[in-house]
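The primary structure of each chain is shown beneath.
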Amino acid sequence: MIRYFFSSRARPAYRFSVMLLIAVGGCLMQRAALSEDAASEPAKYLGVVTCSGSTCHGAPHPLVDSKVNQNEFITWHRDDAHAKAYRVLLEEKGQRIAHNLGLDNAATASECLNCHANNAPEAQRGKRFQIADGVSCETCHGPASKWLGTHVTGEASRADNLKVGMYPTEEPAARAKLCLACHLGAENKFATHRIMGAGHPRLSFELDTFTVLQPAHFRTDADYRSRKRVASHVETWAVGQSAAAARTLELFISQKGQGAGGLPEFAFFDCHACHHPLTELRWAPRASAGLPPGVPHFNDANLLMLIYLMRATDAQLADELHAGLLALHKASLESADAARTAARSVQATLGKIDSKIRGHAFTADETRGILTSIVRGGRDGEYRDYAAAEQAVMGAHALVDSLPASGGDAAKTAQLNAQIKTLYAVLKDENAYQPARFSAEMKTFEAALQ
Ligand code: HEC
Ligand code: HEC
Ligand code: HEC
Ligand code: HEC
């Protein structure tokens, strides 16, 4: 899936909004739903219909005099891919994948529902819960039965709501965990190579880019900032990389790392190493992989981003991660056990890196340093894999977007954005990706950064 390379990152609404701040009011209580709550029971998912009343989150237009837009339902329903995540399972493309896998019906198979809907246990489904809601409000914001009442009357604070099941979507690490569960995988859900082979699109995710791409149903104005922390693009990107790398290794070490017939699970490897035309020879040595030609290799895109991030901020940890990655690639040629052992050692390094990144207020100098470092990796031909090139461009975009906020100059930013557009164009067709051309464009980017 590459269409986000064309959808130029929509400007986040908070850059423009100056809103009047008047306390929320007038939202009708959903009494039927409230009566489902019992303190001893697990919190229940009440269904989108519970949120979408016209005086709640289903107003036809954003309400300027309210704390929140109140038309979140309309934005989600009309523009957000999550609202149709269940529906695609009923459509031809969903049914064809299921058919190829020998499943009766994609829309009833938990292999699909776990990511394409809120496939909550029966006991947590309220009376108005609908699986057909797809990736619904409560899939992200948490089951509402224990907070809906005080949420509607406005008596509860954010902290109160979080205690009873609302999810901290504003915190980058928590958000990364939430999104990655479906956009990468989790213990109970994973898009295996069999699912890919049946026709599922390749998954690709970068937390900051996808946050910007999801049609915004919230505005980070002054009132928002008085209630919640707004993480910068660079922090969101960095935390997202760390979480994605950690999740990949965790899944790789688990049973999910095993494919059929003693082979490793191919979904952890670079797709294009195996899937590219034989007439276009492209192998070349890569310092961060250290592998000979003719072997599949672990998809290390997130790890590469973290190596270049740390190069700019903590050279020792960058070297440690680099050594760990080389060992992982080497071990993956030996045996599954050796690969798992090497992956565990990389996990330990990632733990140290994560504690440096989380909540870190990246300065403008640091941001520029990281951007330069990421771009140099591209110039040096380290992003030969399409997945790494894709991460580098999404990352560079997030970093450039962070610069004005931390004191960069506008003309420079426009020049950098133009170069980012060119890089997206180089990545337009993953099947025609030319690593050499990408490196050349990264070199031009480096010159623009001077
Ligand atoms: C690990 C989570 C996960 C699992 C499991 C999963 N999907 Fe998906 N699926 C996604 C995500 C995420 C996307 C969107 C990819 C993107 O655009 O980046 C997607 C996209 C799709 C699309 C393309 C949607 C479109 O609008 O073009 C179809 C069709 C699809 N999935 C069907 C299935 C079917 C059928 C199954 C079960 C066999 C399944 N998926 C299992 C996460 C998953
Ligand atoms: C894919 C995940 C996802 C889905 C689905 C989703 N949201 Fe959100 N929502 C977010 C994120 C991320 C934010 C921004 C972080 C924050 O403010 O907590 C947000 C913010 C909000 C806010 C802003 C709150 C404020 O403090 O100003 C409201 C209100 C909201 N969502 C309501 C809804 C409603 C109603 C639905 C369903 C119609 C919905 N959301 C669906 C992820 C989601
Ligand atoms: C329960 C699973 C789930 C969760 C959680 C989830 N997503 Fe998704 N997301 C999907 C699926 C499935 C699709 C594809 C839907 C389709 O195209 O039919 C998707 C699509 C998207 C798209 C559109 C991609 C494209 O190719 O156009 C964006 C952007 C996105 N998600 C962002 C996010 C963000 C940001 C978060 C976390 C705040 C998040 N998602 C959380 C399952 C999920
Ligand atoms: C180690 C090599 C290898 C890797 C890595 C690999 N694949 Fe495959 N893939 C194969 C083989 C072998 C087949 C089966 C080809 C056949 O049946 O003709 C296949 C089949 C497929 C097919 C079906 C092709 C068809 O013509 O029907 C798709 C789609 C696919 N893979 C996607 C992916 C994606 C996406 C990734 C990365 C997440 C990936 N593959 C990683 C080797 C690989």
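Treat the numbers as computed from the prediction; the structure is a model and nothing was measured.

**Some points on the site of ligand 4**
Near ligand 4 you find His193, Met196, Gly197, Arg202, Phe266, Ala267, Phe269, Asp270, Cys271, Cys274, His275 and Pro296, and these make up its full shell. Separating a nitrogen atom of ligand 4 from a side-chain N or O atom of His275 is a distance of 2.7 Å. Every element with two or more residues in the shell around ligand 4 is listed here: α11 (193-197) and α15 (271-274). By residue number, the principal contributor to the shell around ligand 4 is α11, which donates three residues.

**So, the coordination of the iron atom of ligand 2**
Around the iron atom of ligand 2, the protein supplies His141 (NE2) and His217 (NE2) as donor atoms, at distances of 1.9 to 2.0 Å. In this structure, the iron atom of ligand 2 is coordinated by six donor atoms arranged in octahedral fashion, with angles at the metal of 88 to 179°. One end of the pair, His141, is in helix α7 (residues 137-141); the other, His217, is in the loop between α12 (207-213) and α13 (222-227), with 76 residues separating them in the sequence. The class for His141 is partly exposed, based on a relative accessible area of 28%.

**Side note on the coordination of the iron atom of ligand 1**
Taken together, the protein donors to the iron atom of ligand 1 comprise His116 (NE2) and His200 (NE2), at separations of 1.9 to 2.1 Å. Around the iron atom of ligand 1, the six donor atoms sit at angles spanning 85 to 178°, and that spread fits a shape best called octahedral. With a gap of 84 residues between them, His116 in helix α6 (residues 110-116) and His200 in the loop between α11 and α12 connect regions that are remote in the sequence. Side by side, His116 and His200 carry an identical accessibility label, which is buried.

**Points about the site of ligand 1**
Contacts to ligand 1 come from 20 residues, most closely from Lys93, Cys112, Cys115, His116 and His200. Between Lys93 and ligand 1, the recorded distance is 2.9 Å, taken from a side-chain N or O atom to an oxygen atom. Residues of the shell around ligand 1, tallied by class, amount to 13 nonpolar, four polar and three charged.

**What about the packing of aromatic side chains?**
Scanning the model with the defined rule gives ten aromatic pairs in all. Ring centres of Phe190 and Phe268 lie 5.2 Å apart, and the angle between their planes is 20°; on these two criteria the pair is classed as stacked. With a gap of 78 residues between them, Phe190 in the loop between α10 (172-183) and α11 and Phe268 in the loop between α14 (233-253) and α15 connect regions that are remote in the sequence. Per residue, the accessibility class of Phe190 equals that of Phe268, and both read buried. Considering the side-chain rings of Phe252 and Phe298, the 4.9 Å spacing of their centres and the 70° angle between planes classify their relative orientation as edge-to-face. Taken together, the positions of Phe252 in helix α14 and Phe298 in the loop between α15 and α16 (301-313) put the pair 46 residues apart, joining distant regions of the chain. By relative accessible area, Phe252 is classed as buried at 6%. A network of ring pairs unites the aromatic residues Phe190, Phe252, Phe268, Phe269 and Phe298 as a single cluster.

**Description of the domain arrangement of the protein**
Along its sequence, the protein is carved into domain 1 (3-227) and domain 2 (233-449). The distance between the C-alpha centroids of domain 1 and domain 2 comes to 29 Å. Every contact between the two is made by 33 residues of domain 1 and, on the other side, 34 residues of domain 2. Interface area, domain 1 with domain 2, both sides summed: about 2,800 Å², of which 62% is carbon and sulfur. Across the domain 1-domain 2 interface, the total number found is two salt bridges. Sorting the residues of the side of domain 1 that touches domain 2 by element identifies α10 and α12 as the ones contributing at least two each. No other element matches α10, which puts seven residues into the side of domain 1 that touches domain 2.

**Here's the deal with the side chain of Lys228**
Examined against the element boundaries, Lys228 turns out to sit in the loop between α13 and α14. Within the buried set, Lys228 has no salt-bridge partner at all; the shortest N-O distance to an opposite charge, 4.8 Å, is to Glu170.

Scoring rules and cut-offs
- Residues numbered from 1 in each chain as written.
- Chains lettered and ligands numbered in written order.
- Predicted model: local features only at pLDDT ≥ 70, side-chain atom pairs only at ≥ 80, totals over all residues.
- Heavy atoms only, no water.
- Near = heavy atom within 4 Å.
- Polar contact = N/O pair within 3.5 Å; in protein donor to acceptor, adjacent residues only side chain to side chain.
- Helix = DSSP H or I, 4+ residues; strand = E, 2+ residues; numbered from the N terminus.
- Donors = N, O, S within 2.8 Å, 3.2 Å for Na, K, Ca; no water.
- Tetrahedral: all angles 85-135°; square planar, octahedral: opposite > 155°, others 65-115°.
- Buried < 20%, exposed > 50% of the residue type's maximum accessible area, 1.4 Å probe, protein only.
- Nonpolar A, V, L, I, M, F, W, Y, C, P; charged D, E, K, R; others polar.
- Phe/Tyr/Trp six-rings, centres within 6.5 Å; stacked < 30°, edge-to-face > 60°.
- Domains from an automatic or database assignment.
- Contact = heavy atoms within 4.5 Å.
- Buried area = accessible area lost by both parts, 1.4 Å probe.
- Salt bridge = Lys/Arg side-chain N within 4 Å of Asp/Glu carboxyl O.
- Lys, Arg positive; Asp, Glu negative; His and termini not counted.

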